[in-house]
Structures are given as structure tokens and as C-alpha cells.
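If you want the building blocks of each chain, they are given just below.
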Amino acid sequence: MESKQSETPTRGKLTKHDVGMLGIRSIFNQSAMNYERMQADGWTLAMIPSLKKIYKDDKKGLANAMKSNLQFINTNNYAAPLLMGLEASLEENGEKRSTIDGLRIALFGPLAGIGDAITWFTILPIVAGITASFAKQGSILGPLIFFLVYVAMFFARIPIARLGYTTGTKAISKIRENSAIVSHAASVLGCTVIGGLIATYVQITVKTKIPVTAGHTISIQTQFFDRIFPNILPLGYTFLLYWLLKKKNVSPVMLILVTFILAIVLSWLGVL
Amino acid sequence: MESKQSETPTRGKLTKHDVGMLGIRSIFNQSAMNYERMQADGWTLAMIPSLKKIYKDDKKGLANAMKSNLQFINTNNYAAPLLMGLEASLEENGEKRSTIDGLRIALFGPLAGIGDAITWFTILPIVAGITASFAKQGSILGPLIFFLVYVAMFFARIPIARLGYTTGTKAISKIRENSAIVSHAASVLGCTVIGGLIATYVQITVKTKIPVTAGHTISIQTQFFDRIFPNILPLGYTFLLYWLLKKKNVSPVMLILVTFILAIVLSWLGVL
Amino acid sequence: MESKQSETPTRGKLTKHDVGMLGIRSIFNQSAMNYERMQADGWTLAMIPSLKKIYKDDKKGLANAMKSNLQFINTNNYAAPLLMGLEASLEENGEKRSTIDGLRIALFGPLAGIGDAITWFTILPIVAGITASFAKQGSILGPLIFFLVYVAMFFARIPIARLGYTTGTKAISKIRENSAIVSHAASVLGCTVIGGLIATYVQITVKTKIPVTAGHTISIQTQFFDRIFPNILPLGYTFLLYWLLKKKNVSPVMLILVTFILAIVLSWLGVL
Amino acid sequence: MQVTLMQGLLIGLFAIISGIDFWWEGFYIFRPMIVCTITGLILGNITLGIVAAGLTELAFAGLTPVGGTQPPNPIMAGIMTVVLAYTTGKSPATAIGLALPFSILMQYIILFYYSAFSVLTKKLDTYAEKGGTKRFTNLALLPTWIVGLTYGIIAFLCVYGAQGPMKSLVNAMPVWLSHGFEIAGSILPAVGFGLLLKSMLKARYVPYLLIGFTAACFIKFGNLMPVAIIGVALALIEYNRSKKDAENEKKLKTAMENSNGGDDEDGI
Amino acid sequence: MQVTLMQGLLIGLFAIISGIDFWWEGFYIFRPMIVCTITGLILGNITLGIVAAGLTELAFAGLTPVGGTQPPNPIMAGIMTVVLAYTTGKSPATAIGLALPFSILMQYIILFYYSAFSVLTKKLDTYAEKGGTKRFTNLALLPTWIVGLTYGIIAFLCVYGAQGPMKSLVNAMPVWLSHGFEIAGSILPAVGFGLLLKSMLKARYVPYLLIGFTAACFIKFGNLMPVAIIGVALALIEYNRSKKDAENEKKLKTAMENSNGGDDEDGI
Amino acid sequence: MQVTLMQGLLIGLFAIISGIDFWWEGFYIFRPMIVCTITGLILGNITLGIVAAGLTELAFAGLTPVGGTQPPNPIMAGIMTVVLAYTTGKSPATAIGLALPFSILMQYIILFYYSAFSVLTKKLDTYAEKGGTKRFTNLALLPTWIVGLTYGIIAFLCVYGAQGPMKSLVNAMPVWLSHGFEIAGSILPAVGFGLLLKSMLKARYVPYLLIGFTAACFIKFGNLMPVAIIGVALALIEYNRSKKDAENEKKLKTAMENSNGGDDEDGI
Ligand SMILES: OC[C@H]1O[C@H](O)[C@@H](O)[C@@H](O)[C@@H]1O
Ligand SMILES: OC[C@H]1O[C@H](O)[C@@H](O)[C@@H](O)[C@@H]1O
Ligand SMILES: OC[C@H]1O[C@H](O)[C@@H](O)[C@@H](O)[C@@H]1O
């Protein structure tokens, strides 16, 4: 403890309002989105006022913290304030840089998986499905409810950031100890939902039919692939991409391009 | 061992017949059912002859045992003989009061969950479903089979009590050691089936429809709640009650009353 | 290590080609199939050239190895080359007889379960289902594809044998250590699929209907058994057989005969 | 048709017996399946009784007293369904609805008794402290006799004494009220489950509750067996695991004890 | 139509080849898909053969020899379905039923051989003890040749030699008998699964059996993949867990050994 | 109908605002539900806008930017669906298809920006090293303004400037091409999931991926809740287990340290 005190003699303290504002500022998370390090620049931008208050006159410390925050990150935008609040509390408490950076890096992936499943693939379809029922019949209630839900979602960033912050403050020692366990459980949840996402949101349907006799054809999709396992093509293609990304270091843009070209060519050939 | 011997110098031994009779006497379990301590009075009533035989002239010990048995208990009525048999064997063996009472208290909850799931929610619907097929067509086979099944169920109390007793006798040291494990596994099973019970046996269906345009309405139930998760209202209401019972110490009678009033008011308003 | 060297001073080494041939020879696995020790004789026959090469002039060792291989074994025929390759690598490395035999005996059961599930109950229905669609319309594509798939399956024995062999060679120490873990995981998978197999491939449907009133009957199957649990009779009968095999040491031929007689009698009575 | 005095008395007697059976949950002759049949028998139209038994039993399938709750009373429901069908000539299916108020009346009385019998607990404590088994027995059985008698009287009054007024009262009851009772009946199990959870649910069991709930939502089947079997499987897995853990901990403890520990203050 | 001698001999020859293939489970040309097609080819009506192949293959889909059981024989079923359709002019679908007795006849013969070949084991033991690989090989292959020959003879007799009598025998068979065989076929896999369980099932695997069974009961799909994938997932979870356990135990053991243990008698 | 200059400008303005909202993923006014409604309002036919909103929102339900991918652009799709339905008089359902090329055009532009903005990272590093928060902020916000402006210009041009040519271009586009884009859109999420897996998937998580996949294949439901709840249950089980493991390891470590270890080289 003493050693920490001497290391960071002048760490400032964030108020409840500061942390709330950090939640609001998490909106900047994608302000400079790019393929090199995704949200890293916007992330740092969001953190700046908090870091300034924490490091006060410690210019060196601030610069150091900013640089460390500029590492690759890509997470869900409603999970971001949680992680930002957590990070802020760790910074404030003068945790080691490696602990702070390690925790952020360990958590952004699982949080992306969980957050996407909750926001993009559960809340959005529910809200869209319900409000579209209204809208399709011309009722203004549709867009109105939709708007109100997402305004609420936006302001939820404030309590989410605070949650991250207090979790951090209250439980810094626990978190350091349990970070592996928390990230393990988060990965379990994340991988389960990604499995579900692949089955639900990637759609590949082969149109080709093999003519066997005059007037009779056999559908590759329904009489071949669907008999092996449902959604086997989406699973296979996702794993192909995973393999290319992980083992062959192919860039995502490349894969997007190839997917587009493939889709168009196969559409032209009448296969898809 | 020696210390136990000296403590309980004159413990009597139950015969096979005694234990069977204990099973039969478990019928008294609800004879004085009340909201203060549920089955405790009836439970003790059922245990009396066994306790008397075990404690023989040890008036003090008997009084002590009876008092200890008068603590709150509420379990399934086919699980009761099992627990009674188990308790009898522990008493007989002169186990510590705290062990005996601890085990009874640890097990009655899980056993209630499991027992209810088996008797009320599996056997009863099966037997009722099958015999009603007969009865609805006027065949006496319906009530006859129903009656025979439940006579058999009643006499099953005898072997159930013996099972509890021999488990106890044979495995007292094991049980003391494993009581935590057994109760843990029982709770896993119990909670799983209660989850299922909530989804199956609590039914709340909102009738309200929101008019959107002339002639078109949107159903709150099918187009809102059912799209979020099936049976979400039953789950939510059960958890509300759980929270009131556990954290706010509201009495069950109160909750039953409130539920009734709510149901009638909402029926009057046309919501349910 | 030294002690091993002295024990097996002249162990020969199999070439890649030898192991491939072992895979091909696994075809002999059932060449002398019988109820006393099932595939044991054919298994040994398949292993002979490999054993000869490994034991070279060590006549004693060869005889010993052959005898040990003549113990009861019954496994899936596409899993056999895997196990043979594994065994060959262990023999080559001069592992203790008890390790070799122990591993073979521990693994053949789980591998039978898994292999049967994959080959007999997954690949066969898929291939049969798909090719029958063609054949039923008279297209030669049906038998053709069927034939090609199984020719490929046959030659897959070569890489399967090599896989077993390299797994063994590379990981002998690991395998010795992990054999319990691997066999445990294999049993988990095996038992899961056998559970599925029982529900899918054993079919018992009671035809009896109980007349309740004039013109009305109640079906034992749909209104009784199916209401308790789907496929409850197949499960019960399989467990009865299991119990007879395990606890009463009844021979399988006996059970097959009894099953036949039962089926015919019950067919005659109109029960099945 | 009219119910004769003799029939009324017999039904009252049967109500006492089945009432005690329900109080004790003994032979399940309190279920509509038996109640309706016997009532039909007493009224001289057993076929009507049996048909009503089938219908009423199904209607009351989910209405159970689990966790110390009280559902609409199956005995009064069973008796009155048959009696009303017999006297008014309506179909048994319609009669079930008309019998509901009687069923709910009895439900309230039992609920009242559940609260009332709490007053006996003090006295029973005193007897127990003195080891007075005889007096304990007598007092602990008292509620049973009270309940039985109540059933007899209520049943007789409803069936015989108040045939006319009851009929008009039933007809006067607004739909929303009886519908309200019906709804309450299908929500009430929640109280029982809440009570069970109160005594069982710890944080570590939440996943199993979720699994059971989700399984029941998506497995369509007429009883709880599938969920129960999943529960058994999970419980066995946990049992084996915990046993292994316990063994390891034991070994660990032995190891720690052997290492004659001066620095034990770090151990948990 | 009549089957010529030449055709009969050719079918006999194919029966030898596919019979050995079935005995060895080699190339799966013993499945009706191939047997029917080739028989059709030999009889000069390949289209009939292919159509029969599709139908018979599906009918025999679940009839497998797992766990050392013998199902109704697919080769005789395949041959006779095509031959009977060809000679009697009935549709292949009807012919499948008529072919069943032949199929069951062959099933019995194989069952007999399974028992009979047990007599060879002693001799083989002796050869093995002496390391006599040559004589071992010859003897271990003998059953194969016997089985092959049997197939050839039976097939030829059924197809050519006994066309007339066979036809009348088939027609004389009562429905309950053939239905009985059919039923037996669909129960028989239970023996195989019982044998597998005998060698695999321990108390700790019961939960997985239950999970697999329940999953298969409620997941409607044409093959076992879904259950197998659930099994793979569970096996992987157990594998990772057991590995971790083993590591811990190793550490524990090291710890216990280090604590130079005088009081080791408490350890398990 | 024609779009007036004023209307074109207003739509351009709204495109800037919602474009920035999409870039930031802020208030979700970039979803077709809002975009169509506002566009309808500007064009003076809000009912058309709302109806189109319902249809387009559903059509774009699965098209999300997860994992850093870019789906066909929802803003341009929303604007052009309403505009094309308004100007050509076609039904909104048809107009969705016609609007797709505009949507894909914008998708490409954003994809280009994702690559292009990488050039800023070096400069931002320098600012950060010097702690220059002011300049850092300005530069980090620059992409946002560029993107916003681009939306405004493109939207104005498509809506007002190029009404005629656009119409003919749309009509000239072959079916296979637009179908190809459609297909690509429904495959693209795979890239996002691949990216997520890249950062999360280790061997020990494969079973959970399989369970999630299989569950989603066989549980028919409109959203991911069931799978998510199963995932939560499994995660909680693993959490409790890992915690217990960690405690045991801690104890073990204490034990090992206490046994003042000379032979530590065996420990792992
Ligand atoms: O729920 C446990 C238990 O609660 C009450 O005591 C009774 O309703 C029993 O029928 C039930 O089994
Ligand atoms: O069940 C294991 C195994 O048993 C027998 O040996 C044969 O029927 C094989 O086809 C099967 O794979
Ligand atoms: O997948 C994580 C994350 O990836 C990108 O940054 C964006 O598309 C977010 O919407 C998404 O949540």
C-alpha cells in the first residue's frame, strides 16, 4: 500500500457526476472507428476528462495512460461504459498499468459477444418486431415507442458506467483476484450466444436442384444439407472465416469483399 | 463412541414393524396444519410412539426431542415418512440433537420441491389424465383405477419410511459426512423442477388489446409478452412473491389475499 | 528407460506404409466373429504382420502378444483401425503388456458406442436418406453415390490407423497419464449417444385398445404409455436386457431368441 | 330433480370423511374423480357422477395445495358440480362453473383455519416440554375433527338446506367475479413456488431454476417428467462432482495437517 | 417372368461376394441400395432394381448389427425383393414384405454361425501360444469362406432352385407371423444397446444416458447428429474438468509427499 | 410526384444527423423505423413513411454492424424506400428492393472510411505521447464530421440531384446483381461472428459454442433470449465451479508453501 501511495501521490477522485459524464462520453467510442485498431481512438477520447482529473498535474502519467488506451479494442457500445467505469476506478486507485490494460483486453471480447447478443440480437428484434406491428398499420405508436426505448437505452449509459465504476471501487482486490474467473464465465456466456447467433443470423440457402428424371428434381438444400444438420452451411462458413482470420491473418475487409464477390457470382450462377 | 454410550445409556430399538407404523402415522403430518409452523405439530404427533420407544424412561430426553421437533417444517407428504424414518434412526443411534435437527431442516425444503414435482405435478396429472379418458365416457374404470393408485400410494408410506430408516442406520456416518452433498444435489433437482413448475402451472394471460387503427388491434399478450419470452409474466410474478417472502417477510396469507384481490380487480377491468 | 531397453532389445519399427496396411487389414476384424469372444480372433489376425515386424525374432514375445490380443473385444469397425494403430505404437515402444491390454479394453466399449453412433446411426441414415431420394425415381445416381461414399469410407481406414499410430507415438507418456481421462470423456459421449439411440432405434408400440363403452376404446399406447414419457417401453426393455446381461449373465443369443419369441407371440395375441 | 334429506345427510357424511382425507392428504378420495363418483352414486345417477368426475378432475388438475397454499376446494367443487347438474339438468361442463363459488367458499374457510390453528402452538409447546404425549396427541388432533365437522355442515347446508337461495345466488354472480376467482386459481401456485424457493434458492441454484424454466417453456409435454429427468441428470452430475471435491478437500486437509503448520494464519 | 439358370448362377456369385462383404463389413455393397441394383442389372431390368433399392434401403435403415446382434438379412432381402417383383409382377413395395422370410432365414443361419464358430477359439489359442502365424491366419479366415459359400448356395436355391415352392410357402405364411418378425426386427437393437451399456455404463454415466435419451425424445430430426453434438459438448466439458482435476491431484500429491509424512495413514 | 429543393435539403440535413448517429451508434434514429417516418414527414406523407418504416425495419432486422462489419446501409435504405415509393407510386414493399443499391453504395463508402481513417492513428499516437488532449480531441472527432457531411451530400444527390438518372439506373440493374447483394447481406454477419470468435474462442469454449448453436437450431423462437438464458445458466455454473477451484488452489498453495519445500522441482 505504501509503495502505491508513493508512486501515485496525487491521484484525483472522480465524483458521481464525473462518472455519469463518462457514460455520456462513451458515445464517442466510435468517433474515429477504423480497421487498424477499431474503437481505440474514440475510446481514449471518451476517457480523456476522467484521466485528466485523475492524473491532475502528472503530465507524464496522463500521456502514459492515453497511450495505453490506444491499443486495439472493439466492444459493444453499451458494454463500453461499463468497461470505462471499471477502468476509471482502477486508474483512480493507482493499480498497475499491466493490471488495468490486462483487464480491459481480457474483457472487451466477451463483453462484445454478450453485449451484441443482448442489444443487437435480442432487444433490437423484440423492439423492432413489436413496433413494426404498429407501424405496418400506419400507427405513429410504432416509431414513437421505438424512439423512446432507444432514448432510454442511451441514458442507461450513465448507470452502466456507474455500475462499472462502483464494481471496480468496491471490489478492486476481488476483481484482480477473480478477473480470470469473471472473464472465463463471460466467455462461456459469450460463446454460447455466438453459437446461437450463427444459427440464427447467418443465412445461406443453396438453390441448386439436381434433375434426376424428366420432371423430377432433387434440392441440394432441403434434401442434402438440411438432412445432415440444420444451418450447417452458416456454421461451416463462419468457421472458415474464423480460421482465415485467426490462422491466416486475413483482414476482415478482405473477407467482406470476398463474401460480396462470392455472393454475386453465385447469385449469377443461380447457386444461391 | 464411549461418550455417546454414556450420554444415552438406554436408547431403545425400533422393530421393522415400528418403522412401518411410523410410515402409517406420517398421515398425521398435517393434522394440525397452521401458518405459524405449518406441519410441525402434526410431524411431532406422528413421531411420538417412536420417540417414546427410543427414549424409554428418559422423560427428559423425550421432552427435549418433542420440543425440537416442534420447529417450522413443511414438506411433501410422501417425502415426510422418508425423513421421519431417517430421523428415527438418528435418534435411535443417539446422534447429537444439532445433527438431527440440522439434517431435518436442511432436507425438508429440497424434499418438498422434489416430492411435489413427483406427486402433485407428475403422478397426479398422469393418473388424472389417463383415468379421465375413461371417466369422461362413463366408465367406472376411471374412478376405480384412480382409487387403487392412491391406495397403493398410501401404503407406499411404509416402505418409504423403512427406506429412510435403513439409509440412516446403514449410513449414519456417511450421511453425517455427505449431508451437505446430498442436500446440494437435492437442491439442484428441486430448483430445476420448480423452474419447470413455474412455467407450467402458473398461468397469467393479459387480455388487453391496444386499438391501433379502426378495426385493427394489437394484443399485449401475444404481440408483446410472448415475443419477449414465453411465460415471462408467471416467472416475474413468482419472483416478486419470492422477494416479498424472503426480503420483506410478508406472510403467505397476505400474498394469497393480495393475489385474489388483484385477480378480481384485473378481471373486472378486463385486463386478465 | 534403461529397463525397457533391456527388456525389448530388438523391437522393430513400422513404416508409414506398414501402418496404412494395418488399416487395410482391419477389414479382417470380423473374419472369425463368434459369440465367445466376438472380434478377438479377427483382431489378432489383422495385427499379425505388424506384430511380426515389431517382435522380429522374438518368438516368445510374438506368441505372448498374440495371446493377449485374443481376449474378448467388440468394437465398431471404423474405430478398430484407430485402436489397432494405437496398439501398434505402444507395442513398438515396448510398453508394458498390462498398459497395452488395459488401454485396449478400456477403449473398445466407448469407441463402439461412439463409432456406431457415427457410422451406423448418423452416416448411414444420411447417405441412405439422400441416395434413396434419387433411387426411388430410378436414377442410377442413388446407388452410385452410395457406393462411392462407402469406398471412401473403406479407404479412410488408412488415415484412421495412422491417426491412432501417431497419437500413440507422439503422446505415449500423455496417453498413459490421460488414459483414464480420455476413456472417461469417451464414455460420456458414448452414453449420451446410446441414450439417443435407444429413443430412436428401438421401437415398441402396443396395439391393445381397451373398450370402455360401445364404440369407444382407449389405446394403451397413446393414452397410457405416451402420456407417461415418450419411448418409455424401449427404455424399459433395454434396461431389462442390460440388467439380464450384467447381473444375471444371460447370453446375448438367449436374449435375441427370447425377443423373437416374445415378438411373435405378442404379434399373435395382437398386443404388438 | 330434488335432493332428499337422506341423500343430503349421506353427502354430508361423505364430506366429513373426504374432508379429513384432504386435510391429511391421505387417500386422495378428496379429488373430484372420487368425490363426483360417490356423489353420483348417492344421488342414484352414477353415470352422471363418473362423467362429471372426468371433467372436473381435469379442470382441477393444476389446482394444488403445494407450499401450504389453498386452491379452490376440490371437494365442494366435486359435490356441487354433480348436485347442480342433477337438480338443474344442466350439463356437467356447465355445472363446473356454477359450482365454483361453493368451492371458493370452502377454500376461504380452510385459509381461515390455517391462521386460526396457530393459537394452539403455545399450548402444544407446554405439553411437549412436560413430555405429555397423551394431551399433546389429543390437542394435535383437534383441528382435524373441527375441519371434518365443518365440511359436513357446509356440504349439507349447500346441498340440502339452501338449495333455492344458492341457486339464485349462483345466478346473480357477475361473470367478472367468477372469472376473477378462476384467474386467481391459476395464479395461486406462484405463492407455493415462492415459498419453496424461499427455503431452497441460493445464488448457486439460480442456473438450475433457469434451465428448468426454459426446458419447460420449450418442451411440449403433458407432465413434468422431461424436466424432472433433466433435473435428475444435473443433480447426479453435481453429486458426483461434489463427492470428488469432498474427497480432495479431505486429502488436502490431511496434507495441511501433516505439514505441521506454523503459518496457518494464511489458510481459509 | 422366369429366372434363367445363368441369372441364378450370377446372383449366387454376387451373393458370395456381398455375403463376405457383410461378414467383414467392408464396402457396404451388402446394403439393399447396392444388392437390389446389381440384382436388377443381372435380371436385365436395372430400373426395377434401382427403384427397389431406394425402397428397401429405407425399410432396412434401422436394422443394423450393432453390438453383435443380427438383424433380418439385408442381402437376401435385397435379392428376393427384386426377384419376386420380377417374377410375380408385383410392385417392389409389396415385394419387400414377401422377401422378409428369406431375409429372416439367413439371419438365423448367421446367428447359428456366431455360436458355432466359438469352437475354433481353443485351436486358435494353441496356434497363438506357439506363434504359428501361418496356421492361425488360415484358421481365422475359415469362417469367412464358410459364410460366403453359404450365401451363394442359399441365394441360388431361393432364386432359382425353389422358385415354385418358395412362392407357395410365402403365400402360406400367416400375417401375424411375418408381422412378428417385423416387430422383432424393430426391438432387436435393444440387445445391441444392452451389450454396449454392459461394457460402458457406470453409475456416474447414468446422467448422460438420461440426457441423450431425453434429447432424442424431444428433438425431432432425421439423424442422431443433434444428440451426438450435445454428447461431444458434454464430453469436452468433462474432459477439460477431469484434466484440471488430475493436475490438482498431482500438485496435491507433490505437496503431500513433500510434507514428509509420518501420519500418512489418514490419507486415502 | 416530385421532390422539391426544400424537401431535398431537409432530407440531406436529416441524413447528416442520423448519419452521425449511426457512426456513433447513439440514439438509433438511424434505424429504418425512424428514418422512414421522418422522411415521410418531410415529404408530407407521414402515413406512407410509417408503413414503410414497419416493412423496412423488419427487412433490415438481421443486418447489423457487429464485430466491425458494415451491413447494407439502413439510412439510405430508409430514405430511398420512402422517396421511391413517393415519386414512382410503387408500394413500399417494392420500393425496399429498389432502394437496395443506394443502401449498398453507402455501405461501400463507410467501408472505405474504415480503411482510410487508419491513417490518423500515427498522428493520434504522437498527440497522446505528449498528453495533448485538445489536439487529440479535435483530430479524433474529425472522422465524425467527414462521415456526417458525406451522408448529407450523398442523400441530397440521390434524393434530389439525380432523380432521373437514378430511376433509370435502378431499372437497368439485373436481378441477379441485386439478389447477389441481398444474399451477401444475409451472409455478412458471419464476418462479425468470426471476428468475435477470434478474440474469444479457446479450445475449452468449443462445447459452449456447440450447445448454443444446437439450441438455436432446434428451439423455434423469435429472438435469442432462450439461448442467452441457457448461456447465463452455464456461465453461472462455471463461475461457481471456478471460484471453488480457485479457493482450493489457494489452500493447496498455502499447504505447499508450509511444507517448506526442498523438492519443489516436481510441482507444476
Ligand atoms: O409444498 C410442500 C407441501 O406443502 C403443503 O404442506 C402441502 O400442500 C403439501 O401437499 C405440499 O407437498
Ligand atoms: O456395436 C459394436 C459393433 O458390434 C459388432 O461387432 C458389429 O455389429 C459392428 O458393426 C458394431 O459396430
Ligand atoms: O461486435 C462488437 C461491436 O463491433 C463494432 O464495434 C460495432 O459494430 C458494434 O456495434 C459492435 O457491438
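The residue numbering used here restarts from 1 in each chain and proceeds along that chain's sequence as written. Chains and ligands are labelled by the order in which they are written, letters from A for the one and numbers from 1 for the other. Only residues with pLDDT of at least 70 are given local features in this predicted model, and only at 80 or more are side-chain atom pairs given and counted; all residues enter the totals for whole chains, interfaces and linings. To obtain the side-chain values, all non-hydrogen atoms of the structure were included, while hydrogens and water were left out.

In the nomenclature of an unreviewed UniProt entry, chain D is known as N-acetylgalactosamine PTS, EIIC. UniProt positions are given in the numbering used here, feature names are shortened, and annotations may be inferred rather than shown by experiment. Annotation of chain D in UniProt includes, under Subcellular location (unreviewed entry), the sentence "Cell membrane".

If you look chain A up in an unreviewed UniProt entry, it shows as PTS system N-acetylgalactosamine-specific transporter subunit IID. The heading Subcellular location (unreviewed entry) in the UniProt record of chain A holds the text "Cell membrane".

### Brief notes about the overall build of chain A
Secondary structure is summarised from DSSP: a helix means a run of H or I of at least four residues, a strand means a run of E of at least two, and numbering begins at the N terminus for each. Helix and strand counts for chain A come out as 11 helices and two strands. For chain A, the N- to C-terminal ordering of α and β elements is α-α-α-α-α-α-α-α-β-β-α-α-α. Radius of gyration here is computed from C-alpha atoms only, and the compact-globule reference equals 2.2 Å multiplied by the residue count raised to the power 0.38. In summary, chain A has a C-alpha radius of gyration of 24 Å against a globular reference of 19 Å for 272 residues, an excess of more than 25%. A sequence separation of at least 24 residues applies to 72% of the contacts in chain A between residues at least 6 apart. Pairs of residues are marked as contacts when any of their non-hydrogen atoms sit within 4.5 Å.

### Notes on the side chain of Thr-64 of chain E
Take Thr-64 of chain E: it is sitting in the loop between helix H3 (46-59) and helix H4 (74-88). Buried means the residue's accessible area, taken with a 1.4 Å probe over protein chains only, is under 20% of the maximum for its type, while exposed means over 50%, and partly exposed covers the values in between. Here Thr-64 of chain E falls in the buried class, since its relative accessible area comes to 3%. Here Thr-64 of chain E is in contact with Trp-120 and Phe-121 of chain C together with Thr-69 and Pro-71 of chain E, once residues within four sequence places are set aside.

### Brief notes about the site of ligand 1
Near is defined per residue: the residue qualifies when any heavy atom it owns lies within 4 Å of the molecule or strand. Close contacts around ligand 1 come from 16 residues, with Asn-74 and Asp-116 of chain B together with Glu-25, Pro-65 and Gly-67 of chain D the closest. Each of chains B and D places residues next to ligand 1. For this analysis, a polar contact is any N or O atom pair within 3.5 Å, provided that within protein one partner can donate a hydrogen and the other can accept it, and provided that sequence-adjacent residues contribute only side-chain to side-chain pairs. One of the side-chain nitrogen or oxygen atoms of Asn-76 of chain B is found 3.3 Å away from an oxygen atom of ligand 1. Separating an oxygen atom of ligand 1 from a backbone N or O atom of Gly-68 of chain D is a distance of 3.3 Å. All accessible areas in this document rest on Shrake-Rupley with a 1.4 Å probe, and a residue is counted as covered only by the protein chains that are shown. In the complex, 100% of the free accessible area of ligand 1, which totals 300 Å², lies under the protein chains. With three residues, helix H6 (residues 97-135) of chain B is the single largest residue contributor to the shell around ligand 1.

### A look at the relation of the copies chain B and chain C
Least-squares fitting of chain B to chain C yields an RMSD of 0.0 Å, with the superposition described by an axial translation of 0.1 Å and a rotation of 120 degrees. Taken together, the rotation and translation describe the operation of a three-fold axis. Least squares is used to superpose the copies, and the fit set is the C-alpha atoms of residues whose pLDDT is at least 70 in both copies.

### Here we look at H4 of chain E
Residues and elements named next belong to chain E. Along its 15 residues, H4 runs 21 Å from first to last C-alpha, staying within 8% of the 21 Å computed at 1.5 Å per residue. Taking burial as the measure, the 15 residues of H4 include 14 buried ones, the bulk of the element. Backbone nitrogen of Ile-75 and a side-chain oxygen of the N-cap are separated by 2.9 Å at the start of H4; the cap is Asn-73. Count one or two residues on from H4 and you reach Gly-89, which has phi positive near 75 degrees. Here the expected span of a helix is defined as 1.5 Å times the quantity of residues minus one.

### Side note on the confidence of the model for chain D
pLDDT measures the predictor's confidence residue by residue and takes values from 0 up to 100. For chain D, per-residue confidence averages 87 on the pLDDT scale, and residues scoring 70 or more make up 93% of the total. Predicted complex metrics record ipTM = 0.82 and pTM = 0.82.

### Considering the environment of Thr-214 of chain D
Tracing the chain through its elements places Thr-214 of chain D in helix H11 (residues 206-218). As for Thr-214 of chain D and Val-227 of chain D, which are separated by 13 residues in sequence, their C-alpha atoms are 9.5 Å apart.

### A look at the site of ligand 2
Around ligand 2 lies a shell of 15 residues, among which Asn-74 and Asp-116 of chain C together with Glu-25, Pro-65 and Gly-67 of chain E are the nearest. Those residues lying near ligand 2 are distributed over chains C and E. Asn-74 of chain C is positioned such that a nitrogen or oxygen atom in its side chain is 2.4 Å from an oxygen atom of ligand 2. Side-chain polar atom of Glu-25 of chain E to an oxygen atom of ligand 2: 2.7 Å apart, as the coordinates give it. For ligand 2, whose accessible area on its own is 300 Å², the fraction buried by protein is 100%. Classification used: nonpolar for Ala, Val, Leu, Ile, Met, Phe, Trp, Tyr, Cys and Pro, charged for Asp, Glu, Lys and Arg, polar for all others including Gly. Per-class residue counts for the shell around ligand 2 are five nonpolar, eight polar and two charged.

### Thoughts on the interface of chain F and chain A
On the side of chain A, 101 residues touch chain F, which itself brings 98 residues to the contact. Buried area: the accessible surface (1.4 Å probe) lost by two parts on joining, summed over both. Contact between chain F and chain A buries roughly 9200 Å² in total, counting both sides, with carbon and sulfur atoms accounting for 76%. Definition used for salt bridges: Asp or Glu carboxyl oxygen within 4 Å of a side-chain nitrogen of Lys or Arg. On the surface where chain F and chain A come into contact, there are two salt bridges. A salt bridge links Arg-37 of chain A to Asp-125 of chain F; the shortest N-O distance between them is 3.0 Å. The tally of links between chain F and chain A comes to 22 residue pairs in polar contact (both at pLDDT 80 or more). The element that contributes the greatest number of residues to the side of chain F that touches chain A is helix H12 (residues 225-258) of chain F, accounting for 13 residues. Across the side of chain F that touches chain A, the residue classes break down as 58 nonpolar, 29 polar and 11 charged.

### Let's talk about the domain arrangement of chain D
Many descriptions give the size of an interface as the accessible area lost when the pieces come together. For the domains described, the bounds stem from an automatic or database domain assignment. Per the domain assignment, the segments making up chain D are domain 1 (5-201) and domain 2 (202-268). Centre-to-centre separation of domain 1 of chain D and domain 2 of chain D, based on C-alpha positions: 41 Å.

### Let's talk about the pattern of salt bridges
When charged atoms on two side chains of opposite charge get close, those side chains can pair. Per the counting criterion, the structure on display carries 33 salt bridges over all chains. For Glu-92 of chain C, the salt bridge is made with Lys-13 of chain C, and the minimal N-O distance between the two is 2.7 Å. With a gap of 79 residues between them, Glu-92 of chain C in helix H5 (residues 80-92) and Lys-13 of chain C in the loop between helix H1 (2-7) and helix H2 (16-25) connect regions that are remote in the sequence. Accessibility expressed as a relative area gives 12% for Glu-92 of chain C, which makes it buried. Looking at Lys-13 of chain C, the relative accessible area reads 54%, which means it is exposed. Through salt bridges that share partners, Glu-87, Glu-91, Arg-97, Asp-101 and Arg-104 of chain A make up one connected network.

### Some remarks on the UniProt feature "transmembrane region" (unreviewed entry) in chain D
All names here are of chain D. Listed under "transmembrane region" (unreviewed entry) in the UniProt record, and renumbered for this structure, are residues 29-60, 95-117, 138-163, 175-197 and 209-237. In residues 95-117, helix accounts for 96% and strand for 0%; the two terminal C-alpha atoms are 33 Å from one another. The annotated region residues 209-237 carries 79% helix and 0% strand content, and the separation between its end C-alpha atoms amounts to 16 Å.

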